[in-house]
Amino acid sequence: MKKVLVVDNHVMMLKFVESLLEKKGYEVRTAEDGIAALDIVKEYKPDVIFVDLIMPYIRGEKLVSILREFDELKNSRIVILSGIAAEISSDHLDFGADACIAKGPFNKMGEHITGLLSGFEQGSISGPVKDVIGTEDVYKRAITTELIAGRRHSDIIMDSISDGILELNKDFRIVYANNAAKAILKVDEKTLITSRFSELCLPPNGHVMEEYFKGIREKKPLEPVVVERDGLFFEVNIRHVITETDESYIVIMQDVTHLKKELIAKEKLIKEVFHRVKNNLALISSIVNLQIGDTEDERVRDVLFTLKTRMDSIALVHSQIYKGSDFEYLDLVDFTESLFSSIIYSEISEGKYVVYNLNLSKATIDIDTAIPLGLIITELISNSIKYGFTGEKGGEVTLSGSITGETMSVVYKDNGTADEQYFSFEHSHLLSLQLLNALCAQIGSDITFKNNGGAEYCFSLPVRKT
Amino acid sequence: MEKNNESAYNLDELASRIEFDREDYLPLLSLFVEQTILDLEEIREQIPERNEKVISERIHNIKGAALNLELDRIADILTAASVLNHAGKHGEMVSSIDKCMKEADTLKRLLE
């Protein structure tokens, strides 16, 4: 028994051909679109395939050319069965069909179908049939001819575009790919069409893409993503297109390899600049350190040491920036942790201890905030050690911060003497306190002091919650 | 010449027009009527919107199937409706669509 597959988006047409051919003893399978047809031929090898030309998503011409890529179907006959057959003249041979029948009244069309099948079976038709069968039953329409020409013109334009363009149906299966998309994805059309976009692992893995599409369905904002494939970088933009009758997704893949390479080069350069600034500050800090060792005047030693601590604080910001992946923002907790341990290690004198507690909400800060903040913390800890912990043992400092909106309210506290001649803005003339005021102004904040069983300072800083 | 009432349609005669047995013809006609009514309802909804594209697609669907089944009167009504649609005379289309719906309803009653 001969096997037949009929592909048409009109149910009545499928029913007509199915009942016509089943009566003649054929085994008939039907498909309402190209995707269903391609799914069927993965497990069913028809001897003859009838294909309509005008179908949603995968058009008949495209379906025929994809079917021709299947080795298993190389001996199958493919017949176009179309309502625009009168207008396409003999083009069906160009896209790989063996014959073309014009749709018309069922009785005439039925005769043409069964006649052609008999010809195939009996061997009277061995090669392609150039002339469209049944054109005597229909007439050529100028408007259809114009529409076909317009569509072909659009195809030429789409295939000339350097960006890869895919269309996905609502189940995210690929139903169209222009030439650039095929070249980018390096997948043959037979595999590409009907594949799920996420299965092509673009971007990094299918799961990420499924999540991305889930976001699209939930109407989340569509951000472009840059993906790497075979050493090339592509920016992928996805548009959700809804028409009166259908919905689909248009995927635009733009080669941004040259921009990405420039960006990587610039990132390397910026990292290098941060690295060099940090190294230069470290070099000056080392020289100042040598100078401290060479100076006997206690007051000069103290000034140089304070200067060195401030430089180390700025160097730490640069060090964290070049070691990280973000040139604009630092992790606040990591930064303050490094700062506290570094300052306390260098400030503490033999026999003393300083315990520090950090209780900060997770956030990032930009570099314009990080440098003043580093200096503020340096001044506060130095003052606690110098003027607060006057006993032999040392003390405890705590930095706490909670976020409201884009602002963190910060409280610094020690358990030292809180002698107002050193800590109070009203009663002290220390340079350090003047610096604290100026540095807080830089980050848009006031700073207040109160004696709360130790020195307690409150200020705020701009943050991004993470 | 068909008359515009129920007796104008004879199922055996319609089936013989396309050289089908009655039992093979009825499922096809049933599919046609079902889809045609849906398409005509869609056209009625789109007329106030003057949605030429969707109206044209629906007319094309019904007309093609009507010609397949040699239901010439329905095809002729829709040819006129198609001209009005492309001319932007959507108000004048309403009576054509009503006429076509009447034909489809007649066929539906015959099938019942």
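For chain B, the helix and strand inventory stands at five helices and zero strands. What you see in chain B, going N to C, is helices and strands ordered as α-α-α-α-α. Residues counted as buried form 31% of the 112 residues belonging to chain B. Here the contacts in chain B between residues at least 6 apart in sequence split such that 53% fall between residues at least 24 apart.

Bringing the overall build of chain A into the picture now. In terms of helices and strands, chain A carries 15 helices and 18 strands. Here chain A holds 466 residues, and 35% of them are scored as buried. For chain A, long-range pairs separated by at least 24 residues make up 61% of all intrachain contacts whose partners lie at least 6 apart in sequence.

Quick look at unusual backbone geometry now. Residue and element names in this part refer to chain A. Positive phi, close to 65 degrees, is recorded for Y57, a residue that is not glycine. Looking at Y57, the number of C-beta atoms within 10 Å reads 20, which means it is buried. Even without glycine at this site, K186 takes up a positive phi of about 50 degrees. Relative to the assigned elements, K186 resides in the loop between helix 7 (179-185) and helix 8 (189-192). The exposure class assigned to K186 is exposed, which follows from the 10 C-beta atoms found within 10 Å.

The next point concerns the nonpolar core. Residues and elements named next belong to chain A. Counting 96 residues, the largest nonpolar core has V79 and I101 as the members making the most contacts within it. The element that contributes the greatest number of residues to this core is helix 1 (residues 11-23), accounting for seven residues. Of the domains in this structure, domain 1 (3-137) and domain 2 (161-255) are the two that each give at least three residues to this core. The contact partners of I101, leaving out residues within four places of it in the chain, are V79, I80, L81, A85, M109, H112, I113, L116, I133 and G134. The next biggest cluster of nonpolar side chains, apart from the first, holds 43 residues, and it includes F274, Y422, I443 and V463.

It is worth spelling out the sheet that holds strand 13 (residues 363-366) of chain A at this point. Strands sit in the order 11-13-18 (chain A) across an open sheet of three strands; the sheet is antiparallel. Each edge of the open sheet is held by one strand with a lone partner, namely strand 11 (329-331) and strand 18 (464-465) of chain A.

Residue and element names in this part refer to chain A. Side chains G164, L166 and L168 of strand 6 (residues 164-168) all project onto a buried face; the interleaved residues I165 and E167 project onto a face where none is buried. Here strand 6 pairs with strand 10 (residues 247-255) via five bridges, running antiparallel. The residue bridging L166 from the neighbouring strand is V251, located in strand 10. Judged from the three bridges that link them, strand 6 and strand 7 (residues 174-177) form a sheet pairing that is antiparallel. The residue bridging L166 from the neighbouring strand is A177, located in strand 7. Taking the residues that link successive antiparallel strands as the turn, the strand 6-strand 7 hairpin has five residues, and the phi of F172 there is positive, at about 65 degrees.

All names here are of chain A. An order of 2-1-3-4-5 is seen for the five strands of this open sheet, with the pairing classed as parallel. The two strands at the open ends of the sheet, each matched to only one other strand, are strand 2 (27-31) and strand 5 (99-102). Each neighbouring strand pair of the sheet contributes to a mean axis angle of 20 degrees, computed without reference to strand direction. Bridge analysis of strand 3 (residues 48-51) against strand 4 (residues 77-82) gives four bridges, and the strand direction is parallel.

For any two helices packed against each other, the geometry is given by the interaxial angle and the distance between the axes. All names here are of chain A. Running from N to C, helix 11 (residues 298-323) and helix 13 (residues 367-388) point in directions that differ by 145 degrees, and their axes come no closer than 9 Å. The hand of the helix 11/helix 13 crossing is right-handed. Taking contact as the criterion, the partners of T306, T309, R310, S313, I314, L316, V317 and I321 in helix 11 are, on helix 13, I367, A370, I371, G374, L375, T378 and S382. Residues that form the contact of helix 11 with helix 13 fall into these classes: eight nonpolar, six polar and one charged.

Residues and elements named next belong to chain A. It is at 9 Å that the axes of helix 13 and helix 15 (residues 431-442) come closest, and there the two elements cross at 155 degrees. Relative to helix 15, helix 13 is oriented roughly antiparallel. The hand of the helix 13/helix 15 crossing is left-handed. Residues P372, L375, I376, E379, S382 and N383 of helix 13 touch helix 15, and the partners they reach there are S432, L435, L436, L439, C440 and Q442. Residue composition of the contact of helix 13 with helix 15, grouped by class: seven nonpolar, four polar and one charged.

So, on to the environment of G231 of chain A. Residues and elements named next belong to chain A. You can see G231 is positioned in the loop between strand 8 (225-229) and strand 9 (232-242). Using a count of 6 C-beta atoms within 10 Å as the deciding quantity, one classes G231 as exposed. Remark: the alpha-carbon pair of G231 and T257, spanning 26 residues in sequence, is separated by 8.3 Å.

A few words on the environment of G416 of chain A. When you line up the elements, G416 of chain A lands in the loop between strand 15 (407-414) and helix 14 (420-423). Separated by 37 residues in sequence, G416 of chain A and G453 of chain A have C-alpha atoms that sit 7.6 Å apart.

When the pLDDT values of chain B are averaged, the result is 87; 94% of them are 70 or greater. Within chain B, the lowest mean pLDDT, 85, falls on helix 1 (residues 11-17) of chain B, and the highest, 92, falls on helix 2 (residues 22-46) of chain B.

Here is what the cut-offs are and how they apply
Residues numbered from 1 in each chain as written. Chains lettered and ligands numbered in written order. Predicted model: local features only at pLDDT ≥ 70, side-chain atom pairs only at ≥ 80, totals over all residues. Helix = DSSP H or I, 4+ residues; strand = E, 2+ residues; numbered from the N terminus. Buried ≥ 20, exposed ≤ 12 C-beta atoms within 10 Å, placed from the backbone. Contact = placed C-beta atoms within 7 Å. Core = buried A, V, L, I, M, F, W, Y, C linked by C-beta atoms within 7 Å. Domains from an automatic or database assignment. Pairing = 2+ DSSP bridges. Axes fitted to C-alpha atoms, helices over the stretch in contact; angles between N-to-C directions. Left-handed = near helix turned anticlockwise from the far one by under 90°. Nonpolar A, V, L, I, M, F, W, Y, C, P; charged D, E, K, R; others polar. Parallel < 35°, antiparallel > 145°, perpendicular 65-115°, else oblique. pLDDT = per-residue confidence, 0-100.

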